[in-house]
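What follows is each chain in one-letter form.
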Amino acid sequence: MAVLSRASLHVLTHPADFAWQTLKRFGENQGLLLAGAIAYYALLSVLPVLILSVIALSHLVDQAELLSTLGRYLEWLVPSQSKAVLADVSGFLANRGTIGAVLLATMMFFSSIAFSVLQKAMSIIFAQHCTVKQRHFLVSAVLPYCFVAFLCLTLLVVTLASVTLQALAQESVHVFGRDWSLGGVSGALLYLLGLAVETLIVAGIYLVMPIRRIRLSHALIGGFTATSLWEIIRHILIWYFATLSKASVVYGSLTTAVVALFSMEIAATLLLLGAQVISEYEKLEQE
């Protein structure tokens with residue numbers, strides 16, 4: 001029995017053709033325009049989601065540990081601007097009693113719009129596949145808040161894992177007559193943990209957001225593609241903002257918002273591009 005399918009063999013033997021067809025189809029589907037809409041509403045909802053997540057989880061985990069974990073992995077979402085975003089989160093937490101209801105309403109409103117735009121974008125990308133039935137409107141209404149709850153649970157797990165790995169960094173092992181520090185191992189595991197969580201979250205979006213059913217293997221392919229591309233671009237952005245960018249001179253006090261929106265638009269573009277990869281791969285399997 002063949003280990004790889006014909007579609008997989010075609011991608012491996014003709015990667016340039018597959019990439020060109022994917023990009024061509026992505027352009028026809030107005031992927032950049034859709035990504036801009038997703039990034040705009042995501043930017044409006046990300047801060048309330050982070051604040052409410054910390055408020056909710058601080059009853060289970062020390063708030064300082066939560067903020068430390070957020071600061072580490074916010075750099076993955078908004079390169080070079082994680083400190084500014086974390087400072088805003090910390091400032092709002094000092095007034096949690098007076099803004100809780102406002103934050104909840106803001107999160108519910110903008111999160112529902114962001115997920116609605118994302119769902120429509122996914123339906124456009126997977127338009128060539130026949131949809132047997134439409135999703136019930138109640139499911140579409142509840143889905144954003146289920147995903148936010150999933151992100152809160154993920155943050156809790158990642159925080160606990162980070163605390164464990166940081167404790168591991170203080171230890172050492174005695175091998176061949178020498179003491180070897182586990183600090184480097186702990187740092188590598190923290191990075192791999194973030195990479196794995198990012199891949200699984202993106203794959204989860206591909207599994208849940210499209211109305212039609214997506215195979216788990218295909219969702220993981222799309223998640224790995226989007227995550228790998230984002231990791232490359234993220235490091236380029238960090239280098240650019242640290243060395244060449246004059247955004248603070250041009251935009252002044254708006255720098256954080258502009259850079260965050262720019263980063264989120266790139267991330268949303270790669271998210272939709274990963275969905276396009278899944279769509280083109282499924283088309284190859286059908287052919």
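Use the structure listed above.
Anyway, here's the lowdown on the structure attached to this text.

Rules and cut-offs
- Residues numbered from 1 in each chain as written.
- Predicted model: local features only at pLDDT ≥ 70, side-chain atom pairs only at ≥ 80, totals over all residues.
- Heavy atoms only, no water.
- Helix = DSSP H or I, 4+ residues; strand = E, 2+ residues; numbered from the N terminus.
- Buried < 20%, exposed > 50% of the residue type's maximum accessible area, 1.4 Å probe, protein only.
- Contact = heavy atoms within 4.5 Å.
- Core = buried A, V, L, I, M, F, W, Y, C linked by side-chain atoms within 4.5 Å.
- Expected span 1.5 Å × (residues − 1).
- Axes fitted to C-alpha atoms, helices over the stretch in contact; angles between N-to-C directions.
- Parallel < 35°, antiparallel > 145°, perpendicular 65-115°, else oblique.
- Left-handed = near helix turned anticlockwise from the far one by under 90°.
- Nonpolar A, V, L, I, M, F, W, Y, C, P; charged D, E, K, R; others polar.
- Salt bridge = Lys/Arg side-chain N within 4 Å of Asp/Glu carboxyl O.

## Regarding the overall build of the chain
- A tally of regular secondary structure across the chain gives 11 helices and 2 strands.
- Its helices and strands taken in sequence order, the chain reads α-α-α-α-α-α-α-β-β-α-α-α-α from the N to the C terminus.
- With 287 residues in all, the chain has 40% of them scored as buried.
- Long-range contacts, defined as pairs at least 24 residues apart, comprise 80% of the intrachain contacts of the chain with a sequence gap of at least 6.

## Regarding the environment of valine 277
- Within the secondary structure layout, valine 277 lies in helix α11 (residues 255-286).
- Here the alpha-carbon distance between valine 277 and phenylalanine 26, two residues 251 residues apart in the chain, equals 9.0 Å.
- What valine 277 contacts, discounting residues up to four positions off in sequence, is Phe18, Thr22, Ile221 and Thr225.

## Section: the nonpolar core
- Counting 40 residues, the largest nonpolar core has Leu118, Met122, Tyr206 and Leu272 as the members making the most contacts within it.
- Counting only elements with at least two residues in this core, the list comes to α3 (31-57), α4 (63-77), α6 (96-125), α7 (137-169), α8 (183-208), α9 (216-243) and α11.
- Element by element, the count of residues in this core is highest for α11, at 9 residues.
- The residues contacting methionine 122, other than those within four sequence positions of it, are Ile205, Tyr206, Met209, Pro210, Leu272 and Ala275.
- Core analysis: the second largest hydrophobic core is formed by 21 residues, Ile51, Val61, Val85 and Leu86 among them.

## Observations concerning α9
- The end-to-end C-alpha distance of α9 is 40 Å, a good match for the 40 Å that 28 residues give at a rise of 1.5 Å each.
- Along α9, the residues classified as buried are His218, Ala219, Gly222, Gly223, Ala226, Thr227, Trp230, Glu231, Arg234, Leu237 and Phe241.

## Let's talk about the packing of α3 against α11
- Contact pair α3 / α11: the axes reach a minimum separation of 8 Å and the direction vectors enclose 130°. On the basis of the axis angle, α3 is oblique to α11. Judged by the twist between their axes, the crossing of α3 over α11 is right-handed. For the pair α3 and α11, the contacting residues are Gly31, Leu32, Leu34, Ala35, Gly36, Ile38, Ala39, Tyr40, Ala42, Leu43 and Val46 in the first and Ala257, Ala260, Leu261, Met264, Glu265, Ala268, Thr269 and Leu272 in the second.
- Looking at the contact of α3 with α11, its residues break down into 15 nonpolar, 3 polar and 1 charged.

## Brief notes about the environment of leucine 93
- Relative to the elements of secondary structure, leucine 93 occurs in helix α5 (residues 82-93).
- Judged by its relative accessible area of 5%, leucine 93 is buried.
- The spatial distance from the C-alpha of leucine 93 to the C-alpha of glutamine 63 is 10.0 Å, given a sequence separation of 30 residues.
- Here leucine 93 is in contact with Ile51, Val54, Ile55, Gln63 and Leu67, once residues within four sequence places are set aside.

## Some words on the pattern of salt bridges
- If you walk through the whole model with that rule in mind, you get 3 salt bridges.
- Among the salt bridges present, the one from glutamate 231 reaches arginine 234, with a minimum N-O distance of 2.9 Å. Of this pair, glutamate 231 and arginine 234 are both found in helix α9, 3 residues apart, which corresponds to roughly one turn of the helix.
- In this structure glutamate 231 comes out as buried when scored by relative accessible area, which is 7%.
- The shortest N-O distance in the salt bridge between glutamate 280 and lysine 283 comes to 3.6 Å.

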